[in-house]
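Results of the structural survey
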Amino acid sequence: MPRRSRGLPPGKADGAEIRFSAVTRSTRADFENLFEQPGGPKYCWCMAWRNLPSREHVPNDEKKRAIISLIEADTPVGILARVEGKTVGWCSVAPRETYRRLSRQQDDSETGVWSIVCFYVPRALRGGGLASALLAAAIDYAFAKGASTIEAYPVDQASPSYSFMGFRDMFAARGFREIGMAGSRRHVMRLER
């Protein structure tokens, strides 16, 4: 993958070049370091929408082992963003079948569908365009890996929860169209090749 972008305004990453890479065995340490930094999402290890034997009271170290086992099995789990060699962001993008059921209307007979379910941008970089840059890179990555459709489940800006899934307007600006709802807050949106 690595793709480059100059999408962040001054003051956020000082206009520095953003590089993107898939999470693989060779980038696993960068992924772990990002999640374990202060404020990082080490409480979930991006397993909220993935299959676990039990959904309740799963210890963080078990979640970490589960995501690492996916990475070690060469299962796509997402992409990382780097600025000046430092890992600064994450987007969970993978084949939809690697997640648990994401909406009631999901047709499991469809093939070639990839899902975007999560973003992590450190608090100091929020509001500066990094999530949008991650979304653009995730789209490129999924289509390059053979996706025919990309599905996402964002919320409205004012939503009291699920903001980690991204905001509806960011996806609409990239050409995603809404096809329904997943629960009361999450919009189901699609981009087709």
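Refer to the structure presented above.
In this report, we go over the structure that sits alongside the text. Because the structure is a prediction, the values reported are computed rather than measured.

Here's the deal with the packing of helix 1 (residues 28–36) against helix 2 (residues 60–72)
How two helices sit against one another is set out by the angle between their axes and by the gap between those axes. Taken N-terminus to C-terminus, the directions of helix 1 and helix 2 make an angle of 160°; their axes are 11 Å apart at the nearest point. Classified by the angle between their axes, helix 1 and helix 2 sit roughly antiparallel to one another. Along this stretch, helix 1 crosses helix 2, giving a crossing that reads as right-handed. Contacts from Arg28, Phe31, Glu32 and Glu36 of helix 1 reach helix 2 at Lys64, Ile67, Ile68, Ile71 and Glu72. A class-by-class count of the residues in the contact of helix 1 with helix 2 yields four nonpolar, no polar and five charged.

Some details on the packing of aromatic side chains
Taken as a whole and judged by the stated rule, the model has 10 aromatic pairs. When the centroid spacing of 5.0 Å and the interplanar angle of 55° are considered together, the rings of phenylalanine 31 and tryptophan 90 count as tilted. Taken together, the positions of phenylalanine 31 in helix 1 and tryptophan 90 in strand 4 (residues 86–95) put the pair 59 residues apart, joining distant regions of the chain. Relative to phenylalanine 176, the ring of phenylalanine 171 has its centre 5.1 Å away and its plane inclined at 90°; by these criteria the two rings are edge-to-face. You can call phenylalanine 176 buried: its relative accessible area is 5%. Taken together, Phe31, Phe35, Trp45 and Trp90 form an aromatic cluster joined through their ring pairs.

Things to note about the side chain of arginine 50
Within the secondary structure, arginine 50 sits in the loop between helix 1 and helix 2. At 3.1 Å, the side chain of arginine 50 and the side chain of serine 92 are in polar contact. Not counting the four nearest positions on each side in its chain, arginine 50 is found in contact with Arg55, Ile67, Leu70, Val77, Ser92, Ala94, Thr98, Tyr99 and Arg100.

Side note on the pairing of strand 8 (residues 186–192)
The buried count for strand 8 comes to six of seven residues, which makes it a mostly enclosed element. As paired strands, strand 6 (residues 149–152) and strand 8 are joined by four bridges and run antiparallel to one another. Each bridged residue has a counterpart across the sheet, and for glutamate 151 the counterpart in strand 8 is arginine 190. Pairing between strand 7 (residues 177–182) and strand 8: five bridges, direction antiparallel. Its bridge partner lying in strand 8, glutamate 178 is registered against methionine 189.

Rules and cut-offs
- Per chain, the residues get numbers from 1 upward, laid out in the order the sequence is written.
- Local features in this predicted model are restricted to residues whose pLDDT is 70 or higher, and side-chain atom pairs enter the listing and the counts only when it is 80 or higher, whereas totals over whole chains, interfaces and linings include all residues.
- Here the side-chain values reflect all heavy atoms present in the structure, with hydrogen atoms and water set aside.
- Every axis in this analysis is a line fitted to C-alpha atoms, fitted for helices over the stretch in contact. Angles between the N-to-C directions lie between 0 and 180 degrees.
- Only DSSP runs of H or I with at least four residues qualify as helices, and only runs of E with at least two residues qualify as strands; both kinds are numbered from the N terminus onward.
- Each angle receives one of four descriptions, namely roughly parallel if under 35 degrees, roughly antiparallel if over 145, roughly perpendicular if within 65 to 115, and oblique otherwise.
- Working rule for handedness: look at the near helix, and if it is turned counterclockwise from the far one by less than a right angle, call the crossing left-handed; if clockwise, right-handed.
- We call two residues contacting when some pair of their heavy atoms lies within 4.5 Å.
- For this scheme, ten residues count as nonpolar: Ala, Val, Leu, Ile, Met, Phe, Trp, Tyr, Cys and Pro. Four count as charged, namely Asp, Glu, Lys and Arg, and the remainder, Gly too, count as polar.
- Side-chain rings of Phe, Tyr and Trp, where Trp is taken by its six-membered ring, are said to pair if the distance between their centres is within 6.5 Å; with planes under 30 degrees apart they count as stacked, over 60 as edge-to-face, and otherwise as tilted.
- When accessible area is computed with a 1.4 Å probe and restricted to protein chains, residues below 20% of their type maximum are described as buried, those above 50% as exposed, and intermediate ones as partly exposed.
- Any pair of N or O atoms that falls within 3.5 Å is considered a polar contact. Within protein, one atom must be able to donate a hydrogen and the other to accept it, and sequence-neighbouring residues count only if both atoms are side-chain atoms.
- One requirement defines pairing of two strands: DSSP has to find at least two bridges between them.

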